[in-house]
Amino acid sequence: MELREVMGRRRSIRFLNPHKPVEPEKVQMMFEASRIASHWGNVQSLRGIAVFRDEAPKEVAEALTSPIAGYQIHLAPVSIVWFLETAAVDVQSDRLRELCKAGALGFGEGKEKAMEEQLFPIFEAIRDSTKAPGLGEVDCGQGIAQATLMAFELGLGTCCLGTPHGEEIRKNLGMPESCRILLIQTVGYPAESPEAGGQRPRLPFENLFHLNGYGNAYPRSQEVVDQLTRDEMFQTPAPLPWREAELEYLQRALDLKGNGLL
Ligand SMILES: Cc1cc2nc3c(=O)[nH]c(=O)nc-3n(C[C@H](O)[C@H](O)[C@H](O)COP(=O)(O)O)c2cc1C
């Protein structure tokens, strides 16, 4: 599948086949994809713990909860707890030295000296603030996005789930205090159709993107939209006419109670 189609066809898959196990190698491939994502200052603060539902200690599996559509965690053969290791920035100098040696950062004679004497003090001065929520979350997001696309390419369904129970999960998984839980990502084989009801709604392009200043909508070329539609990045918008029937079927097949929201 071409990249544009992968980006367009990926959906949050809330209905997973609870009985079909996920191959550990496929989870490894998700981790491999996340590892090579871009990240600020080469610090690489994104970390993940894969929890295999049927193998993990009971208290670990039970600690994984999300208040919104949290039933998904019970369905998922695997949940990945993605977290940010704030201590990663403590060794940032080493990582920058590596970048420099690799020829990715700096040029010309004296670049090492400039890095030690000028660049490092800048990072040193902002170290504490870089541990606070912000930039770190952005590069973690990039890694999670790559893992998500890898999973999709491997035929897996995933859904990211926010949780306010980060502290409890952190303790139950035995993680140090320097770790900040980001989200839980369910992983499994989809029980719903690949279309998953069609492409999900988005805000209008014009409301989101600007040109040369705030408030001047970035011009959206219909030709580009048509091209991306031909490339399958844009697909039939949700809901597809049979989606409600599919949802009823899934609820019965998976024996799900309630309305699926909480
Ligand atoms: C950071 C993040 C947190 C999310 N949290 C939840 C959640 O708690 N429960 C849920 O059902 N979906 C959650 N989602 C999935 C979004 O609802 C979903 O991505 C959005 O509706 C767009 O649909 P799509 O991913 O299929 O394009 C989350 C997604 C992200 C990126």
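All of the points below concern the structure found in this document. Please read all numbers here as calculations on a predicted model, not as lab measurements.

1. With respect to the environment of Arg230
1) Next: Relative to the assigned elements, Arg230 resides in helix α11 (residues 222-230).
2) Next: For the pair Arg230 and Glu5, spaced 225 residues apart in the sequence, the C-alpha separation amounts to 9.6 Å.
3) Next: In terms of polar contacts, Arg230 uses its side chain to reach the side chain of Gln227, at 3.0 Å.

2. Overview of the sheet that holds strand β4 (residues 179-188)
1) Next: Ordered by their spatial adjacency, four strands build an open sheet running β1-β2-β4-β3, and the pairing between neighbours is antiparallel. Single-partner strands in this sheet number two, and they are β1 (46-52) and β3 (157-161). Averaged over all pairs of adjacent strands, the angle between strand axes in this sheet comes to 25°, irrespective of strand direction.
2) Next: In the packing of helix α2 (residues 24-35) onto the sheet, contacts are made with β1, β2 (78-85), β3 and β4, and the angle to β1 comes to roughly 170°.
3) Next: Packing against the sheet, helix α8 (residues 135-153) makes contact with β1, β2, β3 and β4, and its axis sits at approximately 15° to β4.

3. Looking at the site of the ligand
1) Next: The full set close to the ligand counts 15 residues, and Ser12, Arg14, Cys160, Arg200 and Arg202 are the nearest of them.
2) Next: Cys160 is positioned with one of its backbone polar atoms (N or O) 3.0 Å from a nitrogen atom of the ligand.
3) Next: Note that an oxygen atom of the ligand is positioned 3.1 Å from one of the backbone N or O atoms of Gly162.
4) Next: Taken by itself the ligand offers 620 Å² of open surface, and the protein chains cover 63% of this.
5) Next: It is β3 that contributes the most residues to the shell around the ligand, three residues altogether.
6) Next: When grouped by side-chain class, the residues that make up the shell around the ligand number six nonpolar, four polar and five charged.

4. Comments concerning α2
1) Next: Its 12 residues give α2 an end-to-end C-alpha distance of 16 Å, which sits within 8% of 16 Å, the value for a rise of 1.5 Å per residue.
2) Next: Buried within α2 are the following residues: Lys26, Val27, Met30, Ala33 and Ser34. With its buried residues spanning 115° around the axis, α2 presents them on a single face.
3) Next: Of the surrounding elements, those touching the buried residues of α2 are β1, β2, α8, β3 and β4.

5. Let's talk about the side chain of Arg11
1) Next: Mapped onto the elements, Arg11 comes out in the loop between α1 (3-9) and α2.
2) Next: Here Arg11 occupies a buried position and makes no salt bridge, while the nearest side chain of opposite charge, Glu195, is found at 7.4 Å.
3) Next: Setting aside its immediate chain neighbours within four residues, Arg11 contacts Thr158, Glu195, Ala196, Gly198, Gln199, Arg200 and Gln235.

6. Remarks on the packing of aromatic side chains
1) Next: In total, this model carries five aromatic pairs according to the counting rule given.
2) Next: In this structure an aromatic cluster arises from ring pairing among Phe205, Phe209 and Tyr218.
3) Next: Of note, Lys20 hangs over the ring of Tyr189, and the distance from its end group to the ring centre comes to 4.1 Å.

7. Structural notes on the environment of Asn172
1) Next: Its place among the elements puts Asn172 in helix α9 (residues 166-172).
2) Next: Once you skip the residues sitting within four places of it in the chain, Asn172 turns out to touch Glu59, Val60 and Ala63.

8. With respect to the state of the cysteines
1) Next: Under the criterion given, the structure shown has zero disulfides.
2) Next: Counting only cysteine sulfurs, Cys159 is the nearest neighbor of Cys160, a cysteine outside any disulfide, at a range of 6.6 Å.
3) Next: For Cys160, a relative accessible area of 38% corresponds to the partly exposed category.

9. So, the pairing of β4
1) Next: Burial analysis of β4 places eight of its 10 residues in the buried class, the great majority of the element.
2) Next: Bridge count between β2 and β4: eight bridges; the pairing is antiparallel. Within β4, the position partnered with Phe83 by the bridge is Ile181.
3) Next: As defined by bridge partners, β3 adjoins β4 across five bridges and the pair is classed as antiparallel. The residue bridging Cys160 from the neighbouring strand is Gln185, located in β4.

The rules we used
Residues numbered from 1 in each chain as written. Predicted model: local features only at pLDDT ≥ 70, side-chain atom pairs only at ≥ 80, totals over all residues. Heavy atoms only, no water. Helix = DSSP H or I, 4+ residues; strand = E, 2+ residues; numbered from the N terminus. Polar contact = N/O pair within 3.5 Å; in protein donor to acceptor, adjacent residues only side chain to side chain. Pairing = 2+ DSSP bridges. Axes fitted to C-alpha atoms, helices over the stretch in contact; angles between N-to-C directions. Contact = heavy atoms within 4.5 Å. Near = heavy atom within 4 Å. Areas by Shrake-Rupley, 256 points an atom, 1.4 Å probe, with all protein chains shown as cover. Nonpolar A, V, L, I, M, F, W, Y, C, P; charged D, E, K, R; others polar. Expected span 1.5 Å × (residues − 1). Buried < 20%, exposed > 50% of the residue type's maximum accessible area, 1.4 Å probe, protein only. Arc of directions from axis to C-beta. Lys, Arg positive; Asp, Glu negative; His and termini not counted. Salt bridge = Lys/Arg side-chain N within 4 Å of Asp/Glu carboxyl O. Phe/Tyr/Trp six-rings, centres within 6.5 Å; stacked < 30°, edge-to-face > 60°. Lys NZ or Arg CZ within 6 Å of the ring centre and 35° of its normal. Disulfide = S-S within 2.5 Å.

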